[in-house]
Amino acid sequence: MAFCTGCSLLCDDIVVDLDGGKIGKTMNLCRKGHAHYSSISSGRLTPSVDGSEVGVEDAMMAAAEVLAGADNPLLFGWGGSTLEAQRAGVDLAKKLGGAIDDPSSYSQGLITEKIIAGDLPTCTLDDVRNFADVSIYWGDDPSSSHPRHMSRFSYFPRGEKRQRGYEEDREAIVIDVRKSPTAQIAADGFFKITPGGDGAFIEALVASLAGKIPKVEDKKRMLNLGTKLRKAKFGAIFTGQGLAHSLRGDLSGFVSLVGKLSEITRFSVIPTLGDYNTRGFNQTLFDETGHVNSVTFKDGVRHGQEFSIARLLDSCDAVMVVGSDPAAALPAAIAKKLAKAVTVAIGSHRNMTTDFAKVSVPMAVAGIEAGGSCLRTDGVRVEFDGLVGSDHLSDVDIIKRIMEAV
Amino acid sequence: MAGGKELTVITFRGIFQEVEEARGMYSDGYRDQSAVVALDGGDMKEMGVEAGHPVHLETASGDVVVAAKLSEEAHPGVAFMPASPWSAQLLSGEVGEDGFLELKMFTVRASSGGGRVTSIEEIEAVIRAP
């Protein structure tokens, strides 16, 4: 069986026929995973410096030169990197006295940090498959972002204590601002909220759990939800960007809600993270510094919003982006700063960030062309081998080569 | 911002956009899945927009032209847009006092027309511009 690094579920049941050393017929890939596997044959990044194609060794040396000449470098990305590359990246940031950050600084970093720190209860997706009778998808649409989430783990499958699956044994509840594909599956379990209304929903749900009349339009339905959650034997809350952005960094109400649920029954939180190894980077940096993102190693270890990419592009003098495309995801005003910065981009495919970079270094696609290890979105460690040969170096080999030359 | 209809835009990720992104973000398929805005039927009528027609979206930070899509459900005053380089042109980029960078929700002025859908190359040119 092979793995799929198309998202952070890291599906481990992929059947791949190798045809003359190349990917042939595959089984069990979702639509997104199939596109991920197919992508190895198109749109690949080429090594370049100042827009001219060079050898990969020259590109790596140019990258090292950029970083060595910087007083305040920022190393960003990492969700699309193996644990080995992430570890090397943290070491490189320390060696340079630079900052290191990932997209979690503008998405679910705070939620992940509370889980890693033990401030929010969690469990594995395998626990969910075997035991969960209530799954809450909050600002989260895994049917779109993680297509096998519901079929492998959280809603449809039979599990050890859930032999009757979704027909009788499981309930899906979706809290979202729109009727997403996941909400359509949940049907009557969909609670539509107003944009930014997550905090008010939390308050109403806490009141309902306490047996008080919630301050919402449909009081009966909210009271019924409270009763349902009180009766759950094993509940799971899957968080998405919708929740993280609505709460704007203030998780106190959410933590309080989970705490109250945990006093009544077992409830766990698992973030639905985007890149295949976002959780790995957050864990790696947390183990080193006690923080999941936005850290600088200049003059010791410091953490704060001022070391996130959104703030640091104002003052850093070089950026290295690994396996990520912040130029496409961040507001144009911030992308403009990135486009003007001296940037090194390491990635498998061409994207907006590589288009703006002074130096581009192509890397192998982990899980298909290179082996390594990573953490699933629930923190479970996964190790995999490469399936096919590649002319590209692995991400960790590139980071280590650059580090040697700095 | 002046003229047009004020809408609250919420961004999201769709499976077909994810697939096209994996295939390559410089493709027509990625643009077709990303450069769209799902509108409430009543809002479309008020704006004189039909499905598939261009819609000009503008904020104080930038503007793009995307294709209109009719939502199956009613959500007057609210529009949904895939998170992409197109939606990113409309974001302020300002970090709030709470330290949070808003990426999911913003207000636009939306109006019918505006020419053809903005290409990703045009977005890159805007970002590169001094």
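Residues numbered from 1 in each chain as written. Chains lettered and ligands numbered in written order. Predicted model: local features only at pLDDT ≥ 70, side-chain atom pairs only at ≥ 80, totals over all residues. Heavy atoms only, no water.

## Points about the domain arrangement of chain A
Residue and element names in this part refer to chain A.
Stage number 1. Split by domain assignment, chain A resolves into domain 1 (46–107 + 276–405) and domain 2 (109–271).
Stage number 2. Between domain 1 and domain 2, the C-alpha centre-to-centre distance is 33 Å.
Stage number 3. Taken together, the contact between domain 1 and domain 2 spans 14 residues of the former and 16 residues of the latter.
Stage number 4. Of the roughly 1200 Å² buried between domain 1 and domain 2 on both sides combined, carbon and sulfur atoms contribute 58%.
Stage number 5. Along the contact surface separating domain 1 from domain 2 lie 1 salt bridge.
Stage number 6. Measuring nitrogen to oxygen at the nearest pair gives 2.7 Å for the salt bridge that ties arginine 376 to aspartate 126. (Domains from an automatic or database assignment. Contact = heavy atoms within 4.5 Å. Buried area = accessible area lost by both parts, 1.4 Å probe. Salt bridge = Lys/Arg side-chain N within 4 Å of Asp/Glu carboxyl O.)

## Some details on the pattern of salt bridges
Stage number 1. For the coordinates displayed, the defined rule picks out 34 salt bridges over all chains.
Stage number 2. In this structure, Lys94(A) engages Glu288(A) in a salt bridge whose closest nitrogen and oxygen atoms are separated by 2.6 Å. A residue pair is termed long-range when its members are at least 10 positions apart, and Lys94(A) in helix α3 (residues 83–96) and Glu288(A) in helix α14 (residues 278–289) qualify at 194 residues.
Stage number 3. Ionic pairing is found between Glu18(B) and Arg13(B), a salt bridge with its closest N-O pair at 3.4 Å.
Stage number 4. Counted as one network, the salt bridges with shared partners bring together Lys32(A), Arg13(B), Glu18(B) and Glu21(B). (Helix = DSSP H or I, 4+ residues; strand = E, 2+ residues; numbered from the N terminus.)

## Describing the nonpolar core
Stage number 1. Within the largest apolar cluster, 51 residues are counted, with the highest numbers of intra-cluster contacts made by Met352(A), Val55(B), Leu57(B) and Trp86(B).
Stage number 2. Broken down by element, the residue count for this core peaks at 4 residues, all from helix α17 (residues 332–340) of chain A.
Stage number 3. Beyond its immediate stretch of four places on either side in the chain, Leu57(B) contacts Val37(B), Gly62(B), Asp63(B), Val64(B), Val66(B), Met81(B), Leu90(B), Val108(B), Arg109(B) and Ala110(B).
Stage number 4. Counting 37 residues, the second largest nonpolar core, distinct from the first, contains Trp138(A), Val206(A), Leu247(A) and Val258(A). (Core = buried A, V, L, I, M, F, W, Y, C linked by side-chain atoms within 4.5 Å. Buried < 20%, exposed > 50% of the residue type's maximum accessible area, 1.4 Å probe, protein only.)

## Here we look at the side chain of Ser135(A)
Residue and element names in this part refer to chain A.
Stage number 1. With respect to the element layout, serine 135 can be found in strand β7 (residues 134–138).
Stage number 2. What makes serine 135 buried here is its relative accessible area of 2%.
Stage number 3. A polar contact is formed between the side chain of serine 135 and the backbone oxygen of serine 154, at a distance of 2.9 Å.
Stage number 4. Excluding its chain neighbours within four sequence positions, the residues that come into contact with serine 135 are Val128, Ser154, Glu171, Ala172, Ile173, Ala236 and Phe238. (Polar contact = N/O pair within 3.5 Å; in protein donor to acceptor, adjacent residues only side chain to side chain.)

## Quick word on the interface of chain B and chain A
Stage number 1. In this complex, chain B contributes 42 residues to the contact, which on the side of chain A involves 46 residues.
Stage number 2. When chain B packs against chain A, close to 3600 Å² is buried across both sides, 63% of that on carbon and sulfur atoms.
Stage number 3. On the surface where chain B and chain A come into contact, there are 3 salt bridges.
Stage number 4. One salt bridge connects Glu102(B) with Arg248(A), and the closest N-O pair in it is separated by 2.9 Å.
Stage number 5. Across the contact surface, chain B and chain A share 13 residue pairs in polar contact (both at pLDDT 80 or more).
Stage number 6. Only β1 (5–12), α1 (15–23), β5 (78–82), α4 (85–88) and α5 (120–128) of chain B provide two or more residues apiece to the side of chain B that touches chain A.

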